[in-house]
Amino acid sequence: MEGGTEALKAKALVLRGAGLNCNDETEHALQLAGANTQQAHINELIRGRIKLADCQIAVIPGGFSYGDDLGAGRILALQIKQALKREFQEFVDEGRILAGICNGFQVLVKTGFLPGNCTATLTDNNSGHFEDRWIHIKAAGRGIFTKGIEKIYLPVNHGEGRFIAEEETLRKLNKNSQIAFRYCDRDGNESPEYPHNPNGSMQNIAAVTNEKGNVFGMMPHPEKIVSKYQHPRWTREELPEEGQGLKIYRNMVEHAEERLV
Amino acid sequence: MPRIEVYPREMHSAERLGQALLEDLGIKAGKIKTGTAYTIKGISVELAGEIAANVLADQLVQEYRHGRARHPASWVLEISYKKGVQEPAELSAAKALRQLGIAGEAGVKISAVTAIEGINAEQAKRIAAYLSNSIIQDCRIGYEKLDEEEETSHENAAHRAETVQITTLKDEYLLKLSKEGLLSLNLEEMKAIQKHFGHLGREPTDVEIETIAQTWSEHCKHKTFNSEIEFDNDGRQETIENLFKETIVAATGKTAKPWLISVFKDNAGIIKFDEAHNVAFKVETHNHPSALDPYGGANTGLGGVIRDVLGAGMGAKPILNTDIFCFASPDFKDELPERILHPKRIMRGVVAGVRDYGNRMGIPTVNGAIVFHKDYLGAPLVFCGTAGIMPSGLPGKKAMPGDLIVVMGGRTGRDGIHGATFSSAILDESSSSSAVQIGNAIEEKKMLDALLIARDKGLYNSITDCGAGGFSSAIGEMAAETGARVELDRARLKYEGLRPWEIWLSESQERMIVAVPPEKIREFLEICATEDTEATAIGEFTTTGQLEIYHNGQKVAGLGMEFLHKGIPMSKRKAVWKKPKLSEPLIKEEENYGETLKRLLSHPTIASKEWVIRQYDHEVQAGTVIKPLVGAENDGPGDAAVIKPLLNSHKGVVVANGINPLYSQIDPYWMAASAIDEAARNLVATGGNTEHTALLDNFCWGSVSDEAKLGPLVRAAQACHDISVLFQMPFISGKDSLHNEFSSKGKTISVPDTLLISAISVIEDIRKCITMDLKKVGNRIYVVGMTYDELGGSHYYELHGETGKNVPTVRATAADTFKKLHDAISHGLVKSCHDCSEGGIAVALAEMAFSGDLGIKADLGKVQYEGTLRNDKILFSQSNTRFMAEIEREAEEGFLIAMDGIPLAAIGETTAEKRLVIHGLNQKETVNESIYDLKKTWKEGLKP
């Protein structure tokens, strides 16, 4: 029986390399959510030693791929487009889950797997520099990633997280329920004010999906709040043991497992 | 060559620049445009256009154009890095081109273009000097449009080692050779070299002279700390045979802690974490480079200490960074000495340097401090620290004969030559130099990833970082007990034209040396290839006891390891400390101290550092369980940070620091003792375990060739010994930087004698930690520890322009206080706890109140105090070993039992009314302020 459940466990791959740096905690969150996990360097995918097709979930974690030179995510996106386009395209077309957190989100926008290609982008924060702070986001769309989530309190740690898009793109994102999370204040009211909206994103957008809903990108870091002790105020507030961010990873794993059955 | 210029469509950064020009230079500029220019070698204009559209410009927010834009009615500034200074973005751009299949000669040169309207030629020059750093960058200026740059040909210097005539030189010429060659060796040392080569019957090569100078430098050899000293201690004569061994090392021996794994001998100190892991910790200074190039200096300072930890034992994974800076006042208004950058510019540059390197490395920066004092004007201090975790039970590091000498990471260039000897000299107007390096965090990150994999597969026998002295220091030390044969021409270079000694001494960043057995080299190189980091074998370890260096077949050095490492003549030194004649000031007593409290809270040393801290990633790795900012609004000043390095364990490390240079002018002994007490207080207040706490020392002094400067150093080191033994907290590593002076026009500014103490504690359960913010209405506020009339060197006296005489001391009861308070905290008896330091009880209470969003009502008459009865003394005394603790009434009895025998008193309680109300000795209110006003003052004290 045990072997049976093992077989139904979703396999998740966390991408590594070239300055990505949140791979360990992202893998840990996926493990807590019940996935079988593996980290793979981009070169291992390019050389075919590890295959994307063997997994149901792939996450590009946060970090500074290529030092954000030429713009965050740009060079890693180029590398994926040049060397792994087909593998990623098939993976997405089959409805598997591709998620990018922070730098991963920037990469996915710049590859075009999420709205990008001159229609949307992530660019410099209004403040002009990197900022680390805790913010609230509220679930906006219906979909795999937001299931059962109302609001999450979690950190942003980035310098280029301002989501901007053309009007037409914004309209489509809204119409197709592609906006997954928006920045809000502590009472859940959507707010464009700094620091509730920490970077100046249009329409307070913190996370989006592709049209089909299986590619997901978000700037804040849900893997940084999977336990109560990661919360900035656990020494003064009553909090549940599990951190609110874990639910997003649970949603990914549950969805992948449902598809396995 | 095709040139592409990319301009943002929005002008946020230009607006910010306009504001900075106005604030910092008083220039009100008109419209500003900023952009980036890419000059791409070896491709067609069409292809360049394609690259611009697809790679260089994010067209939703940026636009690009071919060639040089004309900027009507504007002065145009174009800043690019000098030849030989490798900019990380240029490497990344080249990588992007390779990705697109554009291989071969294609290289990218990046420059920053700024076009400014409404200024004149003179202002343009001033702005150019402000925006660029002439040591590493070129700034070209022109009106409306710059001319095309002429391509300068590559300098192809001599490729051979030269012989240096030394054996027949007279003393004055030996000294001249030392000074002009930036060797920083004294006459006695030069004569020892002369004698050695006299015996050998030949002249040394430049490689040999440089190797000896580097190995014997203060930076590498710690000559002062290891020398014999005749010490006149305020009239009492003492002989010290070896300052380091008799103070710091001796104390560690006396504590005999079973959890010490490696102390003083490796790149970092190592202590036990749990049954399967050890923790390494190291703090380094990078002062001289940061004075000349704040951004690059801080960048590489942090990069260097990270490599120290990566090279400790068989390699540790960095888990946290700490950063402490000392600057002159950011409001400095007088004329700056030549070549000195404005303190505000240094501060911004250093903060940005630490931010960009630490964040890119994926290491949380969790603890720090910034101290301001006018005498840091010429020589700012930049301390960068890193802790790392590694598996225990790995074999000890030892390079074996036959092992290959492998260089991995970045390439070798002419950057940072002479850093080791340079840091042992005094800065002056002419300090230039090659001594500045540029950091590339991603290069280091890739190297780190590769090394940890290779470590876990057991692919090398030893490892060390290339820091000061480059290959010379790293290989020289690793091969000290074997011997080494090196072929310099096998090292990968950034560009051609380096002389052999330059390759050998280069301090190019992001390089490590590993000793790889030949049978494992293939697998090692494969890992490096996968991780995108270069690795090259440049020689092997031998059994000869000789350092043999070749370059293109020419033998350029043959030095005996014995002479190299043990041939340095150790001179006897004299040191004097005379107790200064000081007195306590007469300060008029006031009725109300609310205003004074606000002035203290807005003192830049005490004021909120939030704008700095927020630029650092303190969440990455997801283990920061007590963050640098705490409290109801996540903005209170936490005492120490707590990291949970293993995702599946509740064990943790607590890190804190102590620094108080103001006390040095009264007595360096109590300055040092107070720094240790402060570091320990910060730890204990948060939940640190004093039984498992290790310390690092970082001494930053003026020039200790002056016996009156060496005396205070001896006294401070003696205090380190005494307090370390008293607290049973061993030192595990440290560093000294003993030439922090700047001379200009015959005037010398020396830094205050500064000792930074960094402390790390291993705790069983992070869930028992607490923070400093008040938690609940109606709880009792206790002062733990005795308050004395000890305001000498306090911030209160400083406000009045006074120094005073009564410097805080550390008493024998301190260790017991720490232990008992730690027990009380770990039994859950304390709701919040804050260390009492700069600004005394008043500042500590204010910080606890506004961080917890609650008020306090307190009575000074209840404080356990010894001394002249005055409100200001009790409010602002900086006596050591004191804490503020918030205790629930139900826990009071338990707390009092736990703290039995320790002087303490309940002085008040927390209130729902959001005010800090303190009654003085005459029962009258002496402070009554809104916590919001206090917080606002505190938050606005230090502006970016």
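Quick note: structure is the one above.
All values derive from a computational prediction rather than experimental measurement. (Residues numbered from 1 in each chain as written. Chains lettered and ligands numbered in written order. Predicted model: local features only at pLDDT ≥ 70, side-chain atom pairs only at ≥ 80, totals over all residues. Heavy atoms only, no water.)

### As for the sheet that holds strand 37 (residues 855-859) of chain B
Residues and elements named next belong to chain B. Judged by pairing direction, the sheet is mixed, and its seven strands sit side by side in the order 36-39-34-40-37-41-42 without closing on themselves. Every other strand in the sheet has two partners, leaving strand 36 (832-835) and strand 42 (925-930) as the edge strands with one partner each. Strand-to-strand twist across the sheet, computed as the mean angle between neighbouring axes with direction ignored, equals 20°. Here strand 34 (residues 780-784) runs beside strand 39 (residues 883-887); their pairing, made up of five bridges, is antiparallel. Across the sheet, residue Val783 finds its bridge partner in strand 39, namely Met884. Of the strands in this sheet, strand 41 (915-919) and strand 42 are in contact with helix 19 (residues 594-601), which crosses strand 42 at around 55°. Packing of helix 24 (residues 814-826) onto the sheet brings it into contact with strand 34, strand 36 and strand 39, and relative to strand 39 it is tilted by some 25°. (Pairing = 2+ DSSP bridges. Helix = DSSP H or I, 4+ residues; strand = E, 2+ residues; numbered from the N terminus. Axes fitted to C-alpha atoms, helices over the stretch in contact; angles between N-to-C directions. Contact = heavy atoms within 4.5 Å.)

### So, the pattern of salt bridges
Residues and elements named next belong to chain B. One pass over the full model with this rule turns up 73 salt bridges over all chains. Among the salt bridges present, the one from Lys176 reaches Glu180, with a minimum N-O distance of 3.9 Å. One end of the pair, Lys176, and the other, Glu180, are both in helix 5 (residues 171-180), four residues apart, so they sit about a helical turn from each other. Taking the relative accessible area as the measure of exposure, Glu180 reaches 60% and is therefore exposed. Linking Lys709 and Asp753 is a salt bridge whose minimum nitrogen-to-oxygen distance equals 3.3 Å. Residue Lys709 is found in helix 22 (residues 707-727), and its partner Asp753 is found in the loop between strand 32 (747-750) and strand 33 (754-763); the two are separated by 44 residues along the sequence. Of the residues examined, Asp753 reaches a relative accessible area of 8% and is grouped as buried. Via salt bridges that share partners, Glu610, Arg614, Asp635, Lys935 and Lys939 belong to a single interconnected network. (Salt bridge = Lys/Arg side-chain N within 4 Å of Asp/Glu carboxyl O. Buried < 20%, exposed > 50% of the residue type's maximum accessible area, 1.4 Å probe, protein only.)

### A closer look at the sheet that holds strand 29 (residues 693-700) of chain B
Residue and element names in this part refer to chain B. Spatially, six strands are ordered 24-27-28-33-29-30 in an open sheet, and the strand pairing comes out mixed. This sheet does not close on itself; its edge strands, each paired only once, are strand 24 (624-626) and strand 30 (731-737). Recorded for the sheet is a direction-independent mean angle of 20° between the axes of neighbouring strands. Judged from the three bridges that link them, strand 27 (residues 641-643) and strand 28 (residues 652-658) form a sheet pairing that is antiparallel. Its bridge partner lying in strand 28, Ala641 is registered against Val655. Packed onto the sheet, helix 22 meets strand 29, strand 30 and strand 33 and runs at close to 175° relative to strand 29.

### Things to note about a nonpolar patch on the surface
Taken together, Leu8, Leu260 and Val261 of chain A make up a surface patch of nonpolar side chains, about 280 Å² in accessible area. Inspection of the secondary structure assignment puts Leu260 of chain A in helix 8 (residues 246-260). (Patch = residues over 30% accessible without salt bridge, like charges linked within 9 Å, V, L, I, M, F, W, Y side chains within 5 Å. Areas by Shrake-Rupley, 256 points an atom, 1.4 Å probe, with all protein chains shown as cover.)

### Quick notes on the pairing of strand 17 (residues 462-465) of chain B
Looking along a regular strand, one sees the side chains alternate between the two faces of the sheet. Residue and element names in this part refer to chain B. Here strand 17 shows no split at all, with Ser462 and Thr464 on one side and Ile463 and Asp465 on the other all buried. When strand 17 meets strand 19 (residues 511-516), the two strands line up antiparallel, connected through four bridges. Looking at the pairing, Ile463 lines up with Val514 of strand 19.

### Here we look at unusual backbone geometry
It is generally the case that most residues other than glycine have a negative phi and that most peptide bonds are trans. The omega torsion across Tyr194 of chain A and Pro195 of chain A is 0°, close enough to zero to call that bond cis. One can find Pro195 of chain A in the loop between strand 9 (179-184) and strand 10 (205-209). Although it is not a glycine, Glu144 of chain B sits at a positive phi angle of roughly 65°. In this fold, Glu144 of chain B is placed in the loop between strand 6 (137-143) and helix 5.

### Description of the packing of aromatic side chains
Under the counting rule described, the total for this entry stands at 24 aromatic pairs over all chains. On the numbers, 6.1 Å between centres and 40° between planes, the contact of Tyr796 of chain B with Tyr797 of chain B is tilted. Neither residue differs from the other here; Tyr796 of chain B and Tyr797 of chain B are each classed as buried. Grouped by ring-pair contacts, the aromatic residues Phe225, Phe244, Phe264, Phe699 and Trp701 of chain B constitute a single cluster. Lying across the ring of Phe113 of chain A, Lys85 of chain A places its NZ or CZ 5.6 Å from the centre. Just above the ring of Phe273 of chain B sits the side chain of Lys651 of chain B; from NZ or CZ to the centre is 5.8 Å. (Phe/Tyr/Trp six-rings, centres within 6.5 Å; stacked < 30°, edge-to-face > 60°. Lys NZ or Arg CZ within 6 Å of the ring centre and 35° of its normal.)

### Side note on the environment of Lys175 of chain A
All names here are of chain A. Examined against the element boundaries, Lys175 turns out to sit in helix 7 (residues 167-175). With relative accessibility at 64%, the residue Lys175 sits in the exposed group. Considering only alpha carbons, one finds Lys175 and Leu239, 64 residues apart in sequence, at a separation of 36 Å.

### Structural notes on the interface of chain A and chain B
Counting residues at the interface gives 59 residues for chain A, matched by 65 residues for chain B. Buried surface at the junction of chain A and chain B, summed over both partners, amounts to about 5000 Å²; 53% is from carbon and sulfur atoms. The interface formed by chain A and chain B contains seven salt bridges. In this structure, Lys317 of chain B and Asp24 of chain A form a salt bridge, with 3.3 Å as the shortest nitrogen-oxygen distance. The tally of links between chain A and chain B comes to 31 residue pairs in polar contact (both at pLDDT 80 or more). (Buried area = accessible area lost by both parts, 1.4 Å probe. Polar contact = N/O pair within 3.5 Å; in protein donor to acceptor, adjacent residues only side chain to side chain.)

### A look at the packing of helix 1 (residues 12-25) of chain B against helix 4 (residues 121-131) of chain B
Residue and element names in this part refer to chain B. One way to put it is that helix 1 packs onto helix 4 with a least axis distance of 12 Å and a crossing angle of 100°. As far as their axial angle goes, helix 4 and helix 1 are roughly perpendicular. Between helix 1 and helix 4, the contacting residues are Leu17, Ala20, Leu21, Asp24 and Leu25 on the first element and Arg126, Ile127, Tyr130 and Leu131 on the second. A class-by-class count of the residues in the contact of helix 1 with helix 4 yields seven nonpolar, no polar and two charged. (Parallel < 35°, antiparallel > 145°, perpendicular 65-115°, else oblique. Nonpolar A, V, L, I, M, F, W, Y, C, P; charged D, E, K, R; others polar.)

### Concerning the nonpolar core
Counting residues in each nonpolar core, the largest one holds 115 residues, and the members touching the most others are Phe699, Val830, Leu845 and Phe895 of chain B. Here this core gets twelve residues from one element, more than from any other, and that element is helix 21 (residues 668-686) of chain B. If near-sequence neighbours (up to four positions away) are discounted, Leu845 of chain B is found in contact with Ile781, Ile856, Ala858, Met884, Ile907, Leu916 and Ile918 of chain B. Counting residues in each nonpolar core, the second largest holds 97 residues, with Ala35, Ile80, Leu246 and Ala256 of chain A among its members. (Core = buried A, V, L, I, M, F, W, Y, C linked by side-chain atoms within 4.5 Å.)

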